Amino acid sequence: FRSPYCGMILADFGAQVIRVDKTRNTMNVDTQARGKRSIALNLKSPSGVAILKRLSSRSDVLIEPFRHGVMEKLGLGPEKLMQENPKLIYARLTGYGQSGRYAKAAGHDINYLALSGVLSKLGRRNENPFAPINRVSGVSGSCLICGMGDIMALYER
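The following paragraphs examine the structure supplied in this document. Please read all numbers here as calculations on a predicted model, not as lab measurements. The numbering scheme is per chain: residues are counted from 1 as the chain's sequence reads. The model is predicted, so local features are restricted to residues of pLDDT at least 70 and side-chain atom pairs to those at 80 or more, both for listing and for counting; the totals for chains, interfaces and linings are taken over all residues. The side-chain figures draw on all heavy atoms in the structure; neither hydrogens nor water molecules are used.

So, about the overall build of the chain. What counts as a helix is a DSSP run of H or I of at least four residues, what counts as a strand is a run of E of at least two, and both are numbered from the N terminus. Secondary structure assignment for the chain yields six helices and four strands. Ordering the α and β elements of the chain from the N terminus gives α-β-β-α-β-α-α-β-α-α. The principal-axis extent of the C-alpha atoms belonging to the chain is close to 55 × 40 × 35 Å. Whether two residues are in contact is decided by their heavy atoms: any pair within 4.5 Å suffices. Residue pairs at least 24 apart in sequence account for 55% of intrachain contacts in the chain once pairs closer than 6 positions are excluded. Counting every atom, the chain has about 10700 Å² of accessible surface; 54% of that belongs to carbon and sulfur. Accessible surface area values rest on a Shrake-Rupley calculation with a 1.4 Å probe, where residue burial reflects the displayed protein chains alone.

Here, a disulfide means two cysteine sulfur atoms that sit within 2.5 Å of each other. Enumeration over the complete set of coordinates arrives at zero disulfides. Of all cysteine sulfurs in the structure, the one in Cys146 sits closest to Cys6, which takes part in no disulfide; the separation is 3.9 Å.

Counting 11 residues, the largest nonpolar core consists of Tyr5, Cys6, Met8, Ile9, Leu10, Ala11, Val17, Ala91, Leu93, Cys143 and Cys146. Sort the elements by how many residues they give to this core and helix α1 (residues 2-12) lands first, with six residues. Side-chain atoms within 4.5 Å are what join buried Ala, Val, Leu, Ile, Met, Phe, Trp, Tyr and Cys residues into a set we call a nonpolar core. Each residue's exposure class comes from its accessible area (1.4 Å probe, protein chains only) as a fraction of the maximum for that residue type: buried when under 20%, exposed when over 50%, partly exposed otherwise. With 10 residues, the next largest nonpolar core counts Leu41, Leu43, Leu52 and Leu81 among its residues.

A few words now on the side chain of Asn85. Locating Asn85 in the fold gives a position in the loop between α4 (78-84) and β4 (89-92). Exposure remark for Asn85: the relative accessible area of 8% places this residue in the buried category. In this view, Asn85 contacts Ser56, Ser57, Arg58 and Ser59; residues no more than four positions away in its chain are not counted.

This paragraph deals with the side chain of Asp150. Structurally, the position occupied by Asp150 is in helix α6 (residues 136-156). Here Asp150 sits buried without a salt bridge, and the closest side chain of opposite charge, Arg157, lies 9.9 Å off (N-O distance). Those residues in contact with Asp150 that sit more than four places away from it in its chain are Cys6, Leu10, Val61, Ile63, Ile89 and Ala91. His is not counted, nor are the chain ends; Lys and Arg add positive charge and Asp and Glu add negative charge. Just to be clear on terms, a salt bridge is a Lys or Arg side-chain nitrogen sitting within 4 Å of an Asp or Glu carboxyl oxygen.

Next up on the list: the packing of aromatic side chains. To describe a pair of aromatic rings, one takes the distance between the centres and the angle between the planes. Whether two aromatic rings pair depends on their centres lying within 6.5 Å, for rings of Phe, Tyr and Trp, where Trp uses its six-membered ring; planes under 30 degrees apart make the pair stacked, over 60 edge-to-face, and the rest tilted. Counted under the stated rule, the structure contains two aromatic pairs. Between Tyr96 and Tyr102 the ring centres are 5.4 Å apart and the planes differ by 40°, which places this aromatic pair in the tilted class. Arranged with centres 5.3 Å apart and planes meeting at 75°, the rings of Tyr96 and Tyr112 form a pair that is edge-to-face. Within this pair, whereas Tyr96 is found in the loop between β4 and α5 (109-116), its partner Tyr112 is found in helix α5, the two being separated by 16 residues in sequence. A relative accessible area of 15% means that Tyr112 is categorised as buried. Here the aromatic cluster, defined as three or more aromatic residues joined through ring pairs, consists of Tyr96, Tyr102 and Tyr112.

We now examine a nonpolar patch on the surface. Residues with no salt bridge and a relative accessible area higher than 30% make up the patches, which join like charges within 9 Å and nonpolar side chains (Val, Leu, Ile, Met, Phe, Trp, Tyr) within 5 Å. Judged by side-chain polarity, Ile145, Met148 and Met152 come together as a nonpolar surface patch covering roughly 330 Å² of accessible area. Counting through the fold element by element, Ile145 comes out in helix α6.

Let us look at unusual backbone geometry. In this structure, Asn126 takes a positive phi of about 65° despite not being glycine. Asn126 gets classed as exposed once you look at its relative accessible area, which sits at 79%.

Let us now look at the environment of Gln32. Note that Gln32 resides in the loop between β1 (17-21) and β2 (36-40). We classify Gln32 as buried; its relative accessible area is 12%. Spatially, the C-alpha atoms of Gln32 and Met8 are 5.7 Å apart, while their sequence positions differ by 24 residues.

Structural data, given as structure tokens:
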């Protein structure tokens, strides 16, 4: 959810965004596909990795949505991709970052809200909190901050 939304924001502001899909995508309707082109790649195959490396070599920004260490296992971590394209802005939208106690844990919106204390503020006084019907932290937190960071890095460059 986070990377597609962030990419949509960048596309809305005029960026040329290429979404990388799985090759076996079953009836996935991406509601955040607005303004993007897409390519289906098997990143577990050498040819899929080679194509993504070629795309990254001439891209300004790569937004990575996976858990800690996944791109490194595929040979697509920032150290590898930035050898070919030193100006690449490698944005990581992992749940809990690359280091620290929760770095290797899967992240979900409800967990972020609970850990941050925001969840305790949702609901009525003297009642248990309730989960929001939308993804609060994913949209207002990580996606917007990542998109702004990408734009600022491009501006600085």
